[in-house]
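# Structural characterization, general
Residue-level listing of the chains:
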Amino acid sequence: MTVNRDFRSFFKTDPGLTHLNNAGLSPINIEAEAVVHYWVERYRREGMFCDAAYLEGVDKARGQLASFLGATPGSIAFFQSTANAVSQIAFHLNLKAGEEVIMWDQEYGSHLYPWQEACKRTGADLTLVESDPMMATPITKLLEKVTARTRVIAVSWVQFQTGAISDLKALSAFAKSRGIWTVVDTFQGMGVLPFNFQDLDIDAVVGGSHKWMTSPVGVGYLCIKEERARQLIPHNVGAYTFGTCEDPTDLACTPKRDALRFEAGSKQVLEIIALGASAELIQRCKVESIQKTALGLAQELADGLRNLGFTITASNGELQKSPIVNFSPSTKSSIKTAEEIVEALVRNKISYARRGPGIRLAPHAHNQIADIQRVLEVLNR
Ligand SMILES: Cc1ncc(COP(=O)(O)O)c(C=O)c1O
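Criteria and thresholds
Each residue is numbered by its place in its chain's sequence as written, counting from 1. In keeping with the model being predicted, local features are shown solely for residues with a pLDDT of at least 70 and side-chain atom pairs are shown and tallied solely at 80 or more, while totals for entire chains, interfaces and linings include all residues. With hydrogens and water excluded, all non-hydrogen atoms of the structure serve as input to the side-chain values. Strands pair, by our definition, only if DSSP identifies at least two bridges between them. Under the scheme used here, helices are H or I runs from DSSP no shorter than 4 residues and strands are E runs no shorter than 2 residues, and both carry numbers assigned from the N terminus. The convention used is that axes are lines fitted to C-alpha atoms, helices contributing only their stretch in contact, and that angles between N-to-C directions extend from 0 to 180 degrees. Contacts are residue-level and defined by heavy atoms, with any inter-residue pair within 4.5 Å sufficient. Type-normalised accessible area, obtained with a 1.4 Å probe on protein chains alone, sets the label of each residue: buried when under 20%, exposed when over 50%, and partly exposed for intermediate values. Pairs of N or O atoms are called polar contacts if they sit within 3.5 Å, as long as, within protein, a hydrogen donor faces a hydrogen acceptor (for residues adjacent in sequence, only side-chain-to-side-chain pairs). Note that domain bounds follow an automatic or database assignment of domains. Here's the idea: put two parts together, see how much 1.4 Å probe accessible area each one loses, and the total over both is what we call buried area. We define a salt bridge as a side-chain nitrogen of Lys or Arg found within 4 Å of a carboxyl oxygen belonging to Asp or Glu. Note on terminology: near, applied to a residue and a molecule or strand, indicates that one of the residue's heavy atoms is within 4 Å of it. Throughout, the Shrake-Rupley method with a 1.4 Å probe supplies accessible areas, and for residues the shown protein chains are the sole cover considered. A cavity here means a set of 1 Å grid points, computed over protein atoms only, where a 1.4 Å probe fits but cannot escape. A pocket is an open set with protein on both sides within 12 Å along at least 5 of 7 lines, and lining residues have an atom within 4 Å of a point. Any molecule with more than half of its atoms within 2 Å of a cavity's or pocket's grid points is counted as sitting in it. Multiply 1.5 Å by the residue count of a helix minus one, and that product is the helix's expected span. Each Phe, Tyr or Trp ring (for Trp, its six-membered ring) is paired with any other whose centre lies within 6.5 Å, and the angle between the two planes then decides the class: stacked below 30 degrees, edge-to-face above 60, tilted in between. Any Lys NZ or Arg CZ found within 6 Å of a ring centre and within 35 degrees of that ring's normal is scored as a charge over the ring.

## Some points on the sheet that holds strand E7 (residues 220-224)
Across the sheet, which stays open at both edges, the seven strands sit in the order E1-E7-E6-E5-E4-E2-E3 with mixed pairing between neighbours. Each of the sheet's edge strands pairs with one partner strand only, and the pair in question is strand E1 (76-79) and strand E3 (125-129). Along the sheet, successive strands turn relative to each other by an average axial angle of 20°, direction set aside. With three bridges joining them, strand E5 (residues 181-185) and strand E6 (residues 204-208) adopt parallel strand pairing. Within E6, the position partnered with Val183 by the bridge is Ala204. This element, helix H2 (residues 51-69), spans E1 and E7 of the sheet and lies at about 115° to E1.

## Quick notes on helix H6 (residues 168-178)
Looking only at H6, the buried set comprises Leu168, Leu171, Ser172, Phe174 and Ala175. The opening residue of H6 is Asp167, an N-cap whose side-chain oxygen sits 3.1 Å from the backbone nitrogen of Lys169. One or two positions beyond H6, positive phi appears at Gly179, with a value near 70°.

## Focus: the domain arrangement of the protein
Per the domain assignment, the segments of the protein are domain 1 (7-27 + 286-378) and domain 2 (34-285). Domain 1 and domain 2 are separated by 28 Å when their C-alpha centres are compared. For the pair domain 1 and domain 2, the summed buried area comes to about 2500 Å², and 64% of that belongs to carbon and sulfur atoms. When the buried surface of domain 1 facing domain 2 is broken down by residue, Val287, Ser315 and Ile324 rank first, second and third, together holding 20% of it. On inspection of domain 1 and its partner domain 2, the count reaches zero salt bridges. On inspection of domain 1 and its partner domain 2, the count reaches 16 residue pairs in polar contact (both at pLDDT 80 or more). The element that contributes the greatest number of residues to the side of domain 1 that touches domain 2 is helix H10 (residues 287-307), accounting for six residues.

## A look at the environment of Pro363
Positionally, Pro363 belongs in the loop between strand E11 (358-361) and helix H12 (369-378). The class of Pro363 is buried, set by a relative accessible area of 0%. Each C-alpha atom of the pair Pro363 and Asn22 lies 6.4 Å from the other, and the pair is 341 residues apart in sequence. With sequence-adjacent residues up to four places away left out, Pro363 is seen in contact with Leu20, Asn22, Trp212, Ala294, Leu297, Ala298, Leu301, Pro323 and Ile372.

## A few points about the site of the ligand
Lining the immediate surroundings of the ligand are Ser81, Thr82, Ala83, Tyr108, Ser110, Phe160, Asp185, Phe187, Gln188 and Lys211. The separation between an oxygen atom of the ligand and a polar side-chain atom of Tyr108 is 3.4 Å. At a separation of 2.7 Å, an oxygen atom of the ligand approaches a polar side-chain atom of Ser110. When the ligand is considered free in solution it has 390 Å² of accessible area, and contact with the protein chains removes 86% of it. Structurally, the ligand is housed in the largest pocket.

## Some thoughts on the pairing of E11
With three bridges connecting them, strand E9 (residues 325-328) and E11 associate as antiparallel partners. Residue pairing in the sheet places Asn326 in a bridge with Arg360 of E11. Both strand E10 (residues 353-355) and E11 contribute to a ladder of three bridges, which runs antiparallel. Bridge pairing in E11 links Arg355 to Gly358. What sits between E10 and E11 in their antiparallel hairpin is a turn of two residues, with Gly356 showing a positive phi close to 50°.

## Remarks on helix H9 (residues 269-285)
Its 17 residues place the ends of H9 24 Å apart at the C-alpha level, agreeing with the 24 Å of an ideal helix rising 1.5 Å per residue. In terms of residue burial, H9 counts as a mostly covered element, since 12 of its 17 residues are buried. By the burial criterion, the buried members of H9 are Val269, Ile272, Ile273, Ala274, Leu275, Gly276, Ala277, Ser278, Ala279, Leu281, Ile282 and Cys285. Where the residues of H9 are buried, they touch helix H1 (30-46), H2, E1, E7 and H10.

## Here we look at the packing of aromatic side chains
In this structure the tally under the stated criterion is six aromatic pairs. Aromatic pair Tyr43 and Tyr54: ring centres 5.7 Å apart, planes at 75°, arrangement edge-to-face. Here Tyr54 lies in helix H2 and Tyr43 lies in helix H1, a separation of 11 residues in the sequence. According to the relative accessible area criterion, Tyr54 is buried, its value standing at 16%. Measuring from centroid to centroid gives 5.0 Å for Tyr108 and Phe160, while their planes differ by 80°, and the two rings are edge-to-face. Here Phe160 lies in the loop between strand E4 (150-156) and H6 and Tyr108 lies in the loop between strand E2 (100-104) and helix H4 (109-122), a separation of 52 residues in the sequence. Positioned above the aromatic ring of Phe174 is the side chain of Arg178, whose terminal nitrogen or guanidinium carbon lies 3.7 Å from the ring centre. The ring of Tyr240 carries the charged tip of Lys267 above its face, separated from the ring centre by 4.5 Å.

Shown next, in the form of structure tokens:
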């Protein structure tokens, strides 16, 4: 029985490595590892004899992810990446010339480029709203840009460079009454901040496996309201698009009605099943408790870095509201350049990313206070 085990106890990383790029690629949890081993072994031993069972495994994973997101299994489609999930919406909601898509000026490429390209191909306009100082993303500023031509608002819940948060409740309340599509990239929040698709009333969210969800890289997903799913035609079409007949060569099959119509063919079963197990683990450990631990570590880190004279890009104000910490050298810090910081982190095997104005560190609940102390020690010259 694992119900009361601490999230941290599901990680077994190599000694000597400090994992603080969880907004990039987190170590995976041991339950995800176990289900991958289990299915690899069944494939080896049973081949075709486990065909039906692995499909049931995918169904189970869809159910686990749906329960975790607060959505129905039929609203979830698995893809290989977030970019694929965004593309399914951007290229197939039938954007028209003169319509408008609104985004922040700091969205990640897998979210930005599909919209940019879809606008280019259709003649729709892409409006990139300038972020506030410290790369903050106050939703009121973005909503002020909405016009009668706005068809879609597409934003990240948590921004990848600084952890700046967009208020999704305010977004959906505003957009719903106007019939504007709301599409949210949740990759940088899902798994470490509480989320509920039904409560938020966003039209569609996208995300993936390998950051805060602590699962193997290789799955993107779309979670979409079923009525919105029916408004999109599938980007990829194959045997699995159809739902009404047993015969895959029947020319009269009609497409499935739910989000499963977007999964054209065979899937990356191992990674999907692992994502289901990871979602279940996080739900069992309680995301609120994971959030508390991760934010506590991020706050310790930000406070410690400030004490060393570094500048924190405080997009969310002084209190960390997401566990992403972006910091830069200042005249007060003894380390004067980003290159020197990077050199110290690399030499001491501390994972990090160079993002936006500085260096991004992103503690998860599997980290320990010793990891934070290690960074502060290494940067205290
Ligand atoms: C906000 C955000 N969205 C999406 C991704 C990943 O996109 P993809 O799954 O297409 O590689 C990342 C990071 O890699 C990200 O930070």
